[in-house]
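What follows is the residue order along each chain.
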Amino acid sequence: MPKARVMAGYADRNASLYRRIGLPLGDPAASIEFADATTLRIVRDLEMERVRQAAPGEVHCPADHAPAKGLDGDREIATAQALACCLSDRGATEVIVDRTFPQVYTAELLSLGISVQLDHGFGVTDRRSKTELEIQHLKRAQEKTEAVMRLVCERIAGANADKDGALSVDGEPLTSEALFSWAAIEFLRLGCSMNHGAIVAGPPESADCHHRGTGALRTGVPVIVDLCPRDEETRYHGDCTRTVVHGSVSETVQNMHAAVTRAKQASEHVLRAGATGEAVHVAGENVLTAMGYPISRGEITDEPSVQHGTGHGIGLEVHEPILLDHGGAELLENEVVTVEPGLYGRLVGGVRVEDMLVAKTDGCVNLNTLPDGLCWA
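Colleague: Report on the side chain of D239, specifying residues and quantitative values.
Modeller: Mapped onto the elements, D239 comes out in the loop between β13 (230–231) and β14 (240–245). Here D239 is buried and forms no salt bridge, its nearest opposite-charge partner R352 lying at an N-O distance of 7.4 Å. A distance of 3.3 Å separates a polar atom in the side chain of D239 from a polar atom in the side chain of H312. Those residues within four positions of D239 in sequence are excluded, and the remaining contacts are Q142, T145, D226, L227, C228, H312, I314, V318, T338, E340, E354 and M356.

Colleague: Can you lay out the sheet that holds strand β11 (residues 198–201) for me, pointing to particular residues and giving the numbers?
Modeller: Strand order in the open sheet formed by three strands is β11-β12-β14, with antiparallel pairing between adjacent strands. The open sheet terminates on both sides in strands that have one partner only, identified here as β11 and β14. Averaged over all pairs of adjacent strands, the angle between their axes in this sheet comes to 15°, without regard to strand direction. Running at roughly 140° to β11, helix α7 (residues 176–189) makes contact with β11 and β12 (222–227) of the sheet.

Colleague: Can you lay out the layout of surface pockets for me, pointing to particular residues and giving the numbers?
Modeller: If you add up the space inside the largest pocket, you get close to 400 Å³. Considering the residues around the largest pocket, the lining is formed by 23 residues, among which H210, D226, H312, H319 and E340 are closest to the centre. Counting only elements with at least two residues in the lining of the largest pocket, the list comes to β11, β15 (311–313) and β16 (320–324).

Colleague: Describe in detail the packing of helix α3 (residues 75–89) against helix α4 (residues 103–111), supporting the description with residues and values.
Modeller: At a closest axis distance of 8 Å, the pairing of α3 and α4 adopts a crossing angle of 40°. The pairing of α3 with α4 is recorded here as oblique in orientation. Note on packing geometry: the crossing formed by α3 with α4 is right-handed. On the side of α3, the interface is formed by E76, I77, T79, A80, Q81, L83, A84 and L87, while α4 contributes V104, Y105, E108 and L109. Of the residues in the contact of α3 with α4, the class split is eight nonpolar, two polar and two charged.

Colleague: Could you give an account of the sheet that holds strand β5 (residues 94–97), with specific residues and numbers?
Modeller: Strand order across the open sheet formed by six strands is β4-β3-β2-β1-β5-β6, with mixed pairing between neighbours. Two strands in the sheet have a free side with no partner beyond their single neighbour: β4 (58–60) and β6 (115–118). Between one strand and the next, the sheet's axes are offset by a mean angle of 25°, whatever the strand orientation. Examined bridge by bridge, strand β1 (residues 4–10) and strand β2 (residues 28–33) share six bridges and lie antiparallel to one another. Bridging across to β2, R5 finds its partner in E33. Here α3 sits on the sheet and contacts β1, β2, β3 (39–42) and β5; the angle it forms with β2, its principal contact strand, is near 20°. Strands β1, β2, β5 and β6 of the sheet are contacted by α4, whose axis makes an angle of about 140° with β6.

Colleague: Just give me the short version of the environment of G91, but keep the residues and values in it.
Modeller: Considering the arrangement of structural elements, one finds G91 in the loop between α3 and β5. For G91, a relative accessible area of 37% puts it in the partly exposed group. A C-alpha to C-alpha distance of 41 Å links G91 and G327, two positions 236 residues apart in sequence.

Rules used in this analysis
- Residues numbered from 1 in each chain as written.
- Predicted model: local features only at pLDDT ≥ 70, side-chain atom pairs only at ≥ 80, totals over all residues.
- Heavy atoms only, no water.
- Helix = DSSP H or I, 4+ residues; strand = E, 2+ residues; numbered from the N terminus.
- Buried < 20%, exposed > 50% of the residue type's maximum accessible area, 1.4 Å probe, protein only.
- Lys, Arg positive; Asp, Glu negative; His and termini not counted.
- Salt bridge = Lys/Arg side-chain N within 4 Å of Asp/Glu carboxyl O.
- Polar contact = N/O pair within 3.5 Å; in protein donor to acceptor, adjacent residues only side chain to side chain.
- Contact = heavy atoms within 4.5 Å.
- Pairing = 2+ DSSP bridges.
- Axes fitted to C-alpha atoms, helices over the stretch in contact; angles between N-to-C directions.
- 1 Å grid on protein atoms, 1.4 Å probe; cavity = no way out; pocket = protein on both sides within 12 Å on 5 of 7 lines; lining within 4 Å.
- Points joined across faces, edges and corners; volume = space filled by probe spheres on them.
- Parallel < 35°, antiparallel > 145°, perpendicular 65-115°, else oblique.
- Left-handed = near helix turned anticlockwise from the far one by under 90°.
- Nonpolar A, V, L, I, M, F, W, Y, C, P; charged D, E, K, R; others polar.

See the structure below:
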């Protein structure tokens, strides 16, 4: 028979499998796509009816395809056995799998003489170009992200500073950790979770672009706030970064911010379906280097420098293909990406601004409406 395409694992962790199962199941599951476009899902028996309602196609449970020796007592092994038996019974001798395919399933397929072929694009390319409904899910998630971002930035800007420059609100120290918890509660009110974490970082931690931030926040220095919650109703993510300064802004930070926003504009000018991720990145990178900021990929520097690429795809996961960076592939119509240039140094801290955009044939659509300045008081 022609090759079938197979995915397996846990749909609450594997976004590609989730799109095929229709539910974020916490038990092992498998999906088979046959050459004639019919589909078959293998899920735990108590989930069968919910899956039938969630997505079209046949729905079976492991007991429907038990080997002669019986199913293993481990649910994951049992599901792998059932998948292999199902394919063997239908005459399959070779299957195509995605890059996340678990080894336990591969072993069961091989034990029945079914060869396994990896397709690097399977489960990736089909998720890159978003449907109109998916774009609406992302737009809604970004609206919720911006709502909490505004609250966090205003909380920092409106805090009180003691004689040593440490910030407080209502007599309580304003720390990175306190703001993580506070933002998480605000997101819960909006039906979102901060499962991917957050960044609220001032210097010197913010010299590392992915440092989460620790300890007391201070006046007069830039604080990077990066929030990327998941909307639990749709499971799509928001992702937004702003930089806020409490009190006066130094000329150095003003210049960094001006460079970052110009770089962002340059990248957005190039961003469209058909352009490459590399071209989008280089457009912004050229602005930053022309304004005197060196590139220091893989190295944290004392003075402001460029540490990373310009952005990434986003959807059911915060970080999805493609990359807006050197070697970045060609953008697809309705691909949704972030654009987030930044500058970072130990002595002054970091500045980053990030929006979410949709690639169109004639340009891009920005899903953000929040101001991107440094002053939020």
